[in-house]
Amino acid sequence: MWLRSAFFRWLFPAAIVLPLWLLIGWGVFQSGGWAFLWVILIAAPSVLVGEIVLTLLTRARPSVRAERAVSWWDVLGFGVWHALTIAVGFFPDGGFGWLLTGAIAAWLALFWLQLWQLWSEAKGSGFSIRETATWSTVTPGARSASEPDVIIVQENDHRD
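Everything quoted here is computed from the prediction, not taken from an experiment.

> Could you give an account of the pattern of salt bridges, with specific residues and numbers?
Scanning all chains against the criterion turns up 3 salt bridges. With its nearest N and O atoms 2.5 Å apart, the salt bridge here joins Glu67 to Arg4. Taken together, the residues span a long stretch of sequence, with Glu67 in helix H3 (residues 62–67) and Arg4 in helix H1 (residues 2–29) at a distance of 63 residues. Given a relative accessible area of 41%, Glu67 falls into the partly exposed group. Ionic pairing is found between Asp74 and Arg61, a salt bridge with its closest N-O pair at 2.5 Å. Linking Asp74 in helix H4 (residues 72–88) with Arg61 in the loop between helix H2 (36–59) and H3, this pair joins segments that are 13 residues apart in sequence. Of the two residues, Asp74 and Arg61, both sit in the buried class. By sharing partners, the salt bridges in this structure join Arg61, Asp74 and Glu121 into a single network.

Here you go:
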């Protein structure tokens, strides 16, 4: 449970830390050049927006809000995506393209996983609301003791 709670708390800081890591990694492991614009204009903003979108989808689920912990699927998905994003920040010569492709694929898989989990939980809660609204335990014509009397007052517009 502590690992799932740790991931829950890590999601918003990751939106800042991971893009910052890409900038720092570029400065440490690359020699500079025009490709730095790729990091500034595409990579860092994509990771920032992608992390915020996934975090909001994750935190929209009732089970995550109630437990203040993500699911094990979330731990797996975010773990893989964050590990690949960190690996991309090392900018390895032979594996950069593969790591970047893997990080993008992991984000897409995680996005669909979040939508599926959100849909599954929302579908379940919507069914129970409809069920309680359609199946009534009160018999027609019977009144409960706590139900107040209704008094209707009609005003007459005629002045005598």
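> Please provide a residue-by-residue account of H2, values included.
The end-to-end C-alpha separation of H2 is 33 Å, in line with the 34 Å expected for 24 residues at 1.5 Å each. At Ala43, H2 is deflected by roughly 30°, the largest bend along its length, and proline Pro45 occurs up to four residues later in sequence. Listing the buried residues of H2 in full gives Val39, Ala43, Ala44, Val47, Gly50, Glu51, Leu54, Thr55, Leu57 and Thr58.

> Can you tell me about a nonpolar patch on the surface, naming the residues and giving the values?
Together, Phe12, Ile16, Val17, Leu48, Val49, Ile52, Val53 and Leu56 give the surface a local cluster of nonpolar side chains, amounting to about 640 Å² of exposed area. Tallying contributions element by element places H2 first for the nonpolar patch, with 5 residues. Structurally, Leu56 can be placed in helix H2.

> If you had to explain the packing of aromatic side chains to someone new, which residues and values would you point to?
By the definition in use, this model includes 8 aromatic pairs. The ring of Phe8 carries the charged tip of Arg59 above its face, separated from the ring centre by 4.0 Å.

> Help me get a handle on the packing of H2 against H4, residues and values and all.
Between H2 and H4, the shortest axis-to-axis distance is 13 Å and the interhelical angle comes to 175°. Compared by their axis directions, H2 and H4 come out roughly antiparallel. Two secondary-structure elements touch here, H2 through Val47, Gly50, Glu51, Leu54 and Thr58 and H4 through Asp74, Phe78, Trp81, His82 and Thr85. In terms of residue class, the contact of H2 with H4 is built from 4 nonpolar, 4 polar and 2 charged.

Calculation notes
- Residues numbered from 1 in each chain as written.
- Predicted model: local features only at pLDDT ≥ 70, side-chain atom pairs only at ≥ 80, totals over all residues.
- Heavy atoms only, no water.
- Salt bridge = Lys/Arg side-chain N within 4 Å of Asp/Glu carboxyl O.
- Helix = DSSP H or I, 4+ residues; strand = E, 2+ residues; numbered from the N terminus.
- Buried < 20%, exposed > 50% of the residue type's maximum accessible area, 1.4 Å probe, protein only.
- Expected span 1.5 Å × (residues − 1).
- Bend = angle between axes of the 7 residues up to and from the residue.
- Patch = residues over 30% accessible without salt bridge, like charges linked within 9 Å, V, L, I, M, F, W, Y side chains within 5 Å.
- Areas by Shrake-Rupley, 256 points an atom, 1.4 Å probe, with all protein chains shown as cover.
- Phe/Tyr/Trp six-rings, centres within 6.5 Å; stacked < 30°, edge-to-face > 60°.
- Lys NZ or Arg CZ within 6 Å of the ring centre and 35° of its normal.
- Axes fitted to C-alpha atoms, helices over the stretch in contact; angles between N-to-C directions.
- Parallel < 35°, antiparallel > 145°, perpendicular 65-115°, else oblique.
- Contact = heavy atoms within 4.5 Å.
- Nonpolar A, V, L, I, M, F, W, Y, C, P; charged D, E, K, R; others polar.

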